[in-house]
Structure formats: C-alpha cells, structure tokens
Amino acid sequence: MIVLLTISTTRVPATDLGFLLHKHPGRVQSFAESVGTAHVFYPESTDERCTAALLLEVDPIALVRGRKGPSGDGFSLGQYVNDRPYAASSMLAMALKDVYRTALTGRCTARPELVEIAFPLELHLPAVPCRGGAGLLRDLFEPLGWAVEATAVPLDPTVPEWGDSRYLDVRLTGQLRVAEALNHLYVLLPVLDDAKHYWVSSDEVDKLVRAGAGWLAGHPEKALITRRYLAHRRELTQSALARLAEVDDTDPDELDNAVDGAAELDSPDRPAPLAEQRRGAVLAAVRASGARTVGDLGCGEGVLVRDLLAERGIDRVVATDVSARALLIAGRRLKLDKMTDVQRARLDIFQSALTYRDDRLAGLDAAVLMEVIEHVDEPRLAALERAVLGHAAPSTVIITTPNVEYNVRFDSLPPGESRHRDHRFEWTRAEFARWAEAAAAQYGYSVRYLPVGAEDAEVGPPTQLAILTKVVT
C-alpha cells in the first residue's frame, strides 16, 4: 500500500538536486510517519538526469488508531476501507513536509547558490484524486508556470465499459525553484482531493500563509484553494484571505470579498490593507523625488509596477526580479500582450539579481526596493549595496522593510515567527537605521525615515521606509 511522488531534473549536473533536497543520492532513507513510513531513494542519479522518489508506505490501521476529530467517511467501516493508502492526498503532503522540511524553506547550507536557480523539473504522481477533474488540475497548476499532463486512470483496465475513475496520472513540467515546486505540492495536493485526513484547526492558517508565500496571493483560484485547504471552515478561510492581504502583499483590489459566496470582508471603517498603504507611501516618495525614470528592483508579481505605469509624470519604468516565475505572473498581471506599442515602450521588464552589477540599471532617477532586502542573506547585503548604490547609483533610492518590533501586534502571527517564510531577517527600527546610514555614508547618500501604517506608541509602525538621496558635490 504505497503512494509515490518522483521529482526529476536534467539541469547539469543533475545530482545537485540532492543538495537542495538534503537527501544523498547514494542512500535510501526512511522516516517514521503517523500513518506509516516514508522512504526517499533515487531510481536514477547521473549528471544528465536525476530522480528523487518519495514513497509513502501507508499502514491502514494506523490511520484509525488514535484518530482525532470527525472521521468524515460517512460510516464506521469507511475508516478502514478508503483510498488513503493508494492516492496522493494530504497524507503525502504531510510526508513531503516532514521529509523535505529544509528544502521547503528554501535553505541549502552546502550549496546556497542553488536555492534561487530555476531548475527544469518534472514531477510525477501516478494516482491523484481530483474533485474537479483535469480542468481543475490545470486551473491550479498552470498559473504557477507548470505544464500539465493528466491521464485518467480507468476503474478497471480489464473492464473498459466501467469508464474512468476520479483518479489522474499526473505529470507536471516546468522551470521553477525546487522550494517553489515543493510548496505548490504541499498546498495543492489536499486541495485537489478536497479532504484532509486530520482535524483542521487554526494552525492550518499559519501553514497555508507560510507555504503560499509569494504565489498564493496572486493566484486566480486563491479563494478555492484557501477554502478547500481549510476544509471549508468559513472563519478560517476569512482569516487566511485577510492575512494574505495584510502580510503577504496581496493586491487588495483582488482580495476575494466572498467566502463560500458570501461574507463581506471590507467595511467603511476598516483601514486600508498594509500592502496598499505601503505602495501609497512609496508612490508619494517617488512623486516627491521628481523622478522620470523609476526602477522597481525586486518587483515580484508587478503590483507596484502597475501603479508606477499609471503615473503620468513617469516616462520609463524598469522592473526586475530574480524569479522568472514572478516575472511571468507580472507579465500576465500587466497584460503585456495587450499593451499598445506606446505603452510597451515605457516598460523594461527583465530578470536580474540585485547582488550583481547590471548596466541596465544605471542612469535611473529613482529605484525602489519594496520589501526586498529582508529576502537577502545578511552577508550578501554588501553585494547588494555595491550593485545598487555603488554601480547603478540612482539619484533616489526608496527602501521598505518590516519593523520586527511591530510583529507582536499581529494576533495571527505566532511569537518568534517571521511575517514571510522567505525572510532571512527582520530588523528593529534601530537595526534598519544603522544599516541604512552606514550604506548611505559609504556611497554618498543622505538618508531620512518615514513610518508606513498606523504608528504604535510602543513598537512603532508595521513598515519602516528609508529614502536615500544622492549628495551632490
């Protein structure tokens, strides 16, 4: 009774996959799970192609022994007779989280440079229950950059007149970071099945926001994903959608106001989401600088780029990000394919890493790093300073970053947790000021600070903003 997932790559040397998964290609490793045993092994491991297999060996009795919460199976025997030991569902998602825990967080101590590389990946799941069929499967994975191949599994190959089952043989191919791929699976496997094998509590909201960071907020099916992941629990769904808007930089215009077709989340007395306030503060700083050419460095999925293009006083916008997938989503958000020639001429959008010099960024009037620096390992910040402040040297640099002191005011954020699972650090106001002033002094800038969001008398504002202005000599 087994459930299988294979992850393959052809990026040479393909055995780099082992570093990212933190599992050696030369060994078989086993891990005890509450429902059985998970095994990781490599059916193939060459420089040209490497495949890692996660095999979950399910003990059907363990599914029932010590079970908490409602069975959800409709009858007592259904706890023993079900598809859990055979199909890729929430049990495989949990095994994936346990076995590839470090890989899911996007960390690789041995080869940190691999983490941000988009690998050519192929994921294969021989039996996936999908309530919604192949169409739903494509709706969930294609916006994330995956090419989807799904073949229906017949109820019985020897009796073709019985037709197809609700299970699909699924193959996903795409060019993505390994951590992205794993998080997509962790969230979406139970969504496809529309069921979980364990009781869903408020902790699941935190798990969803962390695993969905950077992609769920902009997903066209985020409401369905959130609703199914949280087992249709209305209050949890509302909480998750609100947190995506407040903490994870969701475009508030796209926040789904209906949960299960109802529940208005906004009210006239509700303040604007923090993401909206942050963009408003950045745009005000850009206008005050008088910049005609502006770079959104680390543009993500293009929300601020859209606002910059709407500014009549800006002649040219440069948008860059290290993530090819983020740029793909940004292109869809901005509707590049429908832009007129005049509109398209105002925008340069391309992949670039801010820790390396890039001549295409030189000559800007202003550059924005909105919620960017905290995604860079602290030892690499000096390289970012050299590339942006030293080499590109825009006249004005606008930087925002979370104020970690304010985190205690987020009721749904567990103590000690970062606001975003990819944050390498979150600074106090004093720490941010020390860094900004040292960088400004080294590269010939003056610096001033502004609060973003409602300022708390004790812990300050939720977001801190610095404006660096080139000193004219």
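Residues numbered from 1 in each chain as written. Predicted model: local features only at pLDDT ≥ 70, side-chain atom pairs only at ≥ 80, totals over all residues. Heavy atoms only, no water.

Some words on the overall build of the chain
- A tally of regular secondary structure across the chain gives 15 helices and 14 strands.
- Here the chain holds 473 residues, and the buried ones make up 52% of them.
- Relative to all contacts within the chain whose residues are 6 or more apart in sequence, the contacts with residues 24 or more apart total 72%.
- Within the structure as shown, the chain displays about 20600 Å² of accessible surface, and the carbon and sulfur contribution to it stands at 52%. (Helix = DSSP H or I, 4+ residues; strand = E, 2+ residues; numbered from the N terminus. Buried < 20%, exposed > 50% of the residue type's maximum accessible area, 1.4 Å probe, protein only. Contact = heavy atoms within 4.5 Å. Areas by Shrake-Rupley, 256 points an atom, 1.4 Å probe, with all protein chains shown as cover.)

Observations regarding the packing of aromatic side chains
- Under the defined criterion, the tally for this structure stands at seven aromatic pairs.
- Note on Y186 and Y229: the rings are 6.5 Å apart at their centroids and 65° apart in plane angle, and the pair reads as edge-to-face. With Y186 in helix α6 (residues 178-193) and Y229 in helix α8 (residues 222-229), this pair connects stretches of sequence that are 43 residues apart.
- Taken together, the aromatic side chains of F425, W427, F432, W435 and Y449 make up a single cluster linked through ring pairs.
- When the ring centre of F119 is taken as origin, the NZ or CZ atom of R11, which lies over that ring, is 4.9 Å away.
- Against the face of Y356 rests R380, its NZ or CZ located 5.6 Å from the ring centre. (Phe/Tyr/Trp six-rings, centres within 6.5 Å; stacked < 30°, edge-to-face > 60°. Lys NZ or Arg CZ within 6 Å of the ring centre and 35° of its normal.)

A short note on the pattern of salt bridges
- Inspection of every chain in the model, using the stated rule, returns 29 salt bridges.
- Salt-bridge contacts for R101 lead to D98; the nearest nitrogen and oxygen are separated by 3.1 Å.
- On the accessibility criterion, R101 (46% relative accessible area) is partly exposed.
- Residue classification places D98 among the partly exposed positions, given a relative accessible area of 31%.
- Between E180 and R325 there is a salt bridge; the shortest N-O distance is 3.1 Å. Of this pair, E180 sits in helix α6 while R325 sits in helix α12 (residues 324-334), and the two are 145 residues apart along the sequence.
- Exposure remark for R325: the relative accessible area of 8% places this residue in the buried category.
- By sharing partners, the salt bridges in this structure join E116, R177, E180, E301, R325 and R333 into a single network. (Salt bridge = Lys/Arg side-chain N within 4 Å of Asp/Glu carboxyl O.)

Topic: the sheet that holds strand β9 (residues 316-321)
- The sheet built from seven strands is open, its strands ordered β10-β9-β8-β11-β12-β14-β13 with mixed pairing. Single-partner strands in this sheet number two, and they are β10 (347-351) and β13 (445-452). Strand after strand, the sheet turns through a mean of 15° between neighbouring axes, direction not considered.
- Sheet contacts for helix α15 (residues 429-443): β12 (396-402), β13 and β14 (463-470); angle to β13, the most-contacted strand, approximately 155°. (Pairing = 2+ DSSP bridges. Axes fitted to C-alpha atoms, helices over the stretch in contact; angles between N-to-C directions.)

Remarks on the confidence of the model for the chain
- Residues of the chain with pLDDT of at least 70 account for 88%, and the chain-wide mean is 86.
- Contacts for the low-pLDDT stretch residues 66-82, under 50 throughout, to residues beyond four places or in other chains number 12 contacts.
- For residues 247-269, every residue scores under 50 in pLDDT, and the model assigns this stretch 53 contacts once sequence neighbours within four places are set aside. (pLDDT = per-residue confidence, 0-100.)

Some thoughts on the sheet that holds strand β3 (residues 36-45)
- Read from one edge to the other, the open sheet built from seven strands follows the order β2-β3-β4-β1-β5-β7-β6, with strand pairing classed as antiparallel. Lying at the two open borders of the sheet, with one neighbouring strand each, are β2 (29-33) and β6 (147-154). Between one strand and the next, the sheet's axes are offset by a mean angle of 15°, whatever the strand orientation.
- Pairing between β3 and strand β4 (residues 50-58): eight bridges, direction antiparallel. Residue pairing for β4: T37 is matched across the bridge by E57.
- Across the sheet, helix α3 (residues 90-99) lies against β1 (2-9), β2, β3, β4 and β5 (119-129), angled at about 120° from β4, the strand it touches most.

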